[in-house]
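# Architecture and fold: a report
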Amino acid sequence: MIIVDDHPVVRDGLLGIFSADDAFEVVGEAADGPEALAVAMRTDPEVVLMDLRMPKMSGAEVIRRLREQAPGIRVLVLTTFDDDADVLPAIEQGAIGYLLKDTPRADLRRAVQAAARGETVLSPSVAGVLTQKARAPEQRTLSRRELEVLGLIARGATNREVAAKLFITEATVKTHLLHLFAKLEVNDRAAAVAAAYETGLLKPGGT
């Protein structure tokens, strides 16, 4: 395995954890993304134990490049961040596991062994983020102008009346309608209004 973290004291601590156990062999270290790629290509480890937020290259980008260049290498993320802005890109790019730095030593060792076997390993909070994401409906976002058009349509305005109200042309109104039809996956004005109420984009009595 190789250890990738931009803080020397963290690398030293991890090296101490794994070097003391004959079941593991640390074949390299790296302090940033480009160095991690170079060390991984040179040493061909089974597992890369890696932080996410590093200089020069994001962890997600490192994961993506490793997946392309050496798909047999498993990346196990070890970081302090468990929000979806960090978790989701790492998992989407191919990380086999995602742990937090407060993980006990014994659990960390078991996680690296599991990753080497190709098993997914997630901290409980990270598993929660992924579960919430899986359960959440796909967010349908409309622009401010599209919402204005849809709100007027919901109140019974014609294209001409919408154009006059918003000081735009009828052709522009039609363009906005086509865009929001596509986003809401509907084919007409009535269905768009219904979908907007169902998803909360429009509220009864207002926009």
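Located above this text is the structure these notes cover.
Not measured: the values here are computed from a predicted model. (Residues numbered from 1 in each chain as written. Predicted model: local features only at pLDDT ≥ 70, side-chain atom pairs only at ≥ 80, totals over all residues. Heavy atoms only, no water.)

## A word on the pairing of strand 3 (residues 47-50)
Heads up, the condition is: Only protein chains enter the accessibility calculation, which uses a 1.4 Å probe. A residue is then buried if its area is under 20% of the maximum for its type, exposed if over 50%, and partly exposed in between. Helix and strand assignments follow DSSP, with helices taken as H or I runs no shorter than four residues and strands as E runs no shorter than two, numbered in order from the N terminus. Whether two strands pair depends on DSSP finding at least two bridges between them. Crossover handedness is defined here as right-handed if the route from the first strand over the helix to the second strand goes clockwise, with the strands pointing away from the viewer.
Side chains Val47 and Leu49 of strand 3 all project onto a buried face; the interleaved residues Val48 and Met50 project onto the opposite face, where all are buried too. Sheet topology note: the strand 1 (residues 2-4)/strand 3 ladder contains three bridges and is parallel. Of the residues in strand 3, the one forming a bridge with Ile2 is Val48. In this sheet, strand 4 (residues 74-79) lies alongside strand 3 in parallel orientation, the contact comprising four bridges. Across the sheet, Met50 pairs through a bridge with Val77, a residue of strand 4. For the handedness criterion, the β-α-β arrangement of strand 3, helix 3 (residues 59-69) and strand 4 is classed as right-handed.

## Some points on empty space enclosed by the protein
Heads up, the condition is: Residues are called lining when one of their atoms sits within 4 Å of a cavity or pocket point, these points coming from a 1 Å grid over the protein atoms alone, where a cavity is a set in which a 1.4 Å probe fits but cannot get out and a pocket is an open set with protein on both sides within 12 Å along at least five of seven lines. Grid points are joined across faces, edges and corners, and a volume is the space filled by probe spheres set on the points. Here the nonpolar group is Ala, Val, Leu, Ile, Met, Phe, Trp, Tyr, Cys and Pro; Asp, Glu, Lys and Arg are the charged ones; every other residue, Gly included, is treated as polar.
The tally for this structure, following the rule as stated, stands at one cavity of 30 Å³ or more. Val4, Asp5, Val10, Leu14, Leu49, Met50, Asp51, Leu78 and Lys101 together form the lining of the largest cavity. Broken down by secondary-structure element, the contributors of at least two residues to the lining of the largest cavity are helix 1 (8-19) and strand 3. The residue inventory of the lining of the largest cavity, partitioned by class, reads six nonpolar, no polar and three charged.

## Digging into the packing of aromatic side chains
Pairs of aromatic rings are described using the distance from one ring centre to the other and the angle between the two planes. For the record, the criterion: Stacked, tilted and edge-to-face are the three classes applied to pairs of Phe, Tyr and Trp rings, where Trp contributes its six-membered ring and a pair requires centres within 6.5 Å; stacked means planes under 30 degrees apart, edge-to-face means over 60, and tilted covers the rest. Look at NZ for Lys and CZ for Arg. If either is within 6 Å of the ring centre and within 35 degrees of the ring normal, a charge sits over the ring.
Per the counting criterion, the structure on display carries one aromatic pair. With a centroid separation of 5.0 Å and 75 degrees between ring planes, the pair formed by Phe18 and Phe24 is classed as edge-to-face. Phe24 carries the same exposure label as Phe18, and that label is buried. It is Arg53 that lies over the ring of Phe81; its NZ or CZ is 3.6 Å from the centre.

## Thoughts on helix 7 (residues 144-154)
The test is simple: Note on definitions: a residue-residue contact is assigned when non-hydrogen atoms from the two residues lie within 4.5 Å.
Those residues of helix 7 that sit buried are Glu146, Val149, Leu150, Gly151, Leu152 and Ile153. On the buried face of helix 7, the contacting elements are helix 8 (159-166), helix 9 (170-184) and helix 10 (189-199).

## Here's the deal with helix 9
Keep this limit in mind: Given a helix with a known number of residues, its expected span is that number minus one, times 1.5 Å. Starting at the helix axis, one direction is taken to each C-beta atom, and the arc is that of these directions.
Across its 15 residues, helix 9 extends 21 Å between first and last C-alpha, which sits within 8% of the 21 Å expected from 1.5 Å per residue. Residues of helix 9 that are buried: Val173, His176, Leu177, Leu180, Phe181 and Leu184. Burial along helix 9 is one-sided: seen end-on, the buried residues are contained in an arc of 140 degrees. In helix 9, those exposed residues whose orientation departs by more than 90 degrees from the buried face are Ala171, Leu178 and Ala182.

## Looking at the packing of helix 8 against helix 9
Note the following rule: Here the axes come from fitting lines to C-alpha atoms, over the contacting stretch only for helices, and the angles between their N-to-C directions go from 0 to 180 degrees. Each angle gets one of four labels, with under 35 degrees taken as roughly parallel, over 145 as roughly antiparallel, 65 to 115 as roughly perpendicular, and the rest as oblique.
Relative orientation of the contacting elements helix 8 and helix 9 amounts to 105 degrees, with a least axis distance of 8 Å. By the angle between their directions, the pair helix 8 and helix 9 is classed as roughly perpendicular. Of the residues in helix 9, those in contact with Asn159, Arg160, Val162 and Ala163 of helix 8 are Glu170, Val173, Lys174 and Leu177.

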